[in-house]
Amino acid sequence: MKKLIGIILCLFTVQVVFSQSILKYRTPIKLKTENILKSNEEIPVRMVVAEDIRDSSGKFVLIASGTPVECKVYSSRARGLGKAGAIRIYPVSVISVDGQNVLLEGAFCLYGKNRKPAALGWGIGSGLTFLPGVGFCFLMLKGRQAVVPVGAVLEGFVTMNTYYIDAK
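It should be emphasised that the depicted structure is a prediction, and the values quoted were computed from it without experimental measurement. (Residues numbered from 1 in each chain as written. Predicted model: local features only at pLDDT ≥ 70, side-chain atom pairs only at ≥ 80, totals over all residues. Heavy atoms only, no water.)

Examining the confidence of the model for the protein chain
Low pLDDT means the predicted atomic positions in that stretch should not be read closely.
Next up, step 1: The predicted model of the protein chain has a mean per-residue pLDDT of 80, with 76% of residues at 70 or higher.
Next up, step 2: Confidence, read as mean pLDDT per element, is least for helix H1 (residues 2-18) in the protein chain (55) and greatest for strand S4 (residues 47-49) (93). (pLDDT = per-residue confidence, 0-100. Helix = DSSP H or I, 4+ residues; strand = E, 2+ residues; numbered from the N terminus.)

Describing the pattern of salt bridges
Next up, step 1: Evaluation of the coordinates by the stated rule reveals two salt bridges.
Next up, step 2: For Arg-26, the salt bridge identified is with Glu-105, shortest N-O distance 2.2 Å. Placement of the pair is Arg-26 in the loop between strand S1 (21-23) and strand S2 (28-33) and Glu-105 in strand S9 (residues 101-105), with a sequence separation of 79 residues.
Next up, step 3: Residue classification places Arg-26 among the partly exposed residues on the basis of a relative accessible area of 38%.
Next up, step 4: When its relative accessible area of 25% is taken as the criterion, Glu-105 is described as partly exposed.
Next up, step 5: Note that Arg-54 is salt-bridged to Asp-52, the shortest N-O span being 4.0 Å.
Next up, step 6: A relative accessible area of 40% places Arg-54 in the partly exposed class.
Next up, step 7: Among the residues examined, Asp-52 registers a relative accessible area of 33% and is labelled partly exposed. (Salt bridge = Lys/Arg side-chain N within 4 Å of Asp/Glu carboxyl O. Buried < 20%, exposed > 50% of the residue type's maximum accessible area, 1.4 Å probe, protein only.)

A word on a nonpolar patch on the surface
Next up, step 1: On the surface, Ile-36, Val-147 and Val-150 cluster together into a nonpolar patch covering about 230 Å² of accessible area.
Next up, step 2: For Val-150, the position within the fold is in the loop between strand S11 (147-148) and strand S12 (153-158).
Next up, step 3: Using a relative accessible area of 55% as the deciding quantity, one classes Val-150 as exposed. (Patch = residues over 30% accessible without salt bridge, like charges linked within 9 Å, V, L, I, M, F, W, Y side chains within 5 Å. Areas by Shrake-Rupley, 256 points an atom, 1.4 Å probe, with all protein chains shown as cover.)

Notes on the packing of aromatic side chains
Next up, step 1: All told, the structure shown has one aromatic pair when counted by the stated rule.
Next up, step 2: Look at Tyr-74 and Tyr-90: their rings are 5.8 Å apart centre to centre, the planes differ by 65 degrees, and that puts the pair in the edge-to-face class. With Tyr-74 in strand S7 (residues 68-76) and Tyr-90 in strand S8 (residues 86-95), the pair connects residues that are 16 residues apart, well separated along the chain.
Next up, step 3: Look at Tyr-90 and you get partly exposed, because its relative accessible area is 30%.
Next up, step 4: Over the ring of Phe-157 we find Arg-26, and its NZ or CZ is 4.3 Å from the ring centre. (Phe/Tyr/Trp six-rings, centres within 6.5 Å; stacked < 30°, edge-to-face > 60°. Lys NZ or Arg CZ within 6 Å of the ring centre and 35° of its normal.)

Regarding the pairing of S12
Next up, step 1: Judged by which residues are buried, S12 turns out to be one-sided: Leu-154, Gly-156 and Val-158 face inward and are buried, whereas Val-153, Glu-155 and Phe-157, on the alternate face, are not.
Next up, step 2: Here five bridges tie S2 to S12, and the two strands are oriented antiparallel to one another. By the bridge assignment, Lys-32 is partnered in S12 with Val-153.
Next up, step 3: Inspection of the sheet shows S9 paired to S12 by two bridges, in the antiparallel sense. Looking at S12, one finds that Glu-105 is bridged to Phe-157. (Pairing = 2+ DSSP bridges.)

Let's talk about the nonpolar core
Next up, step 1: Within the largest apolar cluster, 25 residues are counted, with the highest numbers of intra-cluster contacts made by Leu-23, Ile-29, Met-47, Val-49 and Val-69.
Next up, step 2: When contributions to this core are tallied by element, the ones reaching two or more residues are S2, S4, strand S6 (61-63), S7, S8, S9, S12 and strand S13 (163-165). (Core = buried A, V, L, I, M, F, W, Y, C linked by side-chain atoms within 4.5 Å.)

What to know about the side chain of Thr-27
Next up, step 1: Here Thr-27 shows up in the loop between S1 and S2.
Next up, step 2: For Thr-27, a relative accessible area of 18% corresponds to the buried category.
Next up, step 3: Separated by 2.5 Å, the side chain of Thr-27 and the backbone oxygen of Lys-24 make a polar contact.
Next up, step 4: For Thr-27, the contacting residues outside a window of four places in its chain are Ile-53, Gly-156, Phe-157 and Val-158. (Polar contact = N/O pair within 3.5 Å; in protein donor to acceptor, adjacent residues only side chain to side chain. Contact = heavy atoms within 4.5 Å.)

Laid out in structure tokens, this is it:
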């Protein structure tokens, strides 16, 4: 009786192990934005998986396209003296087809146009020569804001673990 129970447990374990697909560490995942992001606005980012992520055989889908991705966004506004705005997006996690939380890593950084040389040149140059007093107002010239368009693609990577996903 003990041998029969042992054989049944072994067969069940083998069946469970071989029915799962592997999502390996550092597997690239393409993500895309669904809304426009600007460095001077506090808009939550909406990102989704751009393409299906399949196992190594290409037979099973492990992460479906269109799955929402949790991200952290850090933005800085354009400032005086020509300093440009910046947006930094870090993907955090996505949900696989069997409901597992898959951790991601990666970064997408975009900067606006830096106008520091123009601000300093016009501010100091005109302030000291042509327009004393008023020319220094050019020092308040701001850089350009950073803008991430709709459909911008970011590449994230599976981090921390190798995941065993029950894909059917």
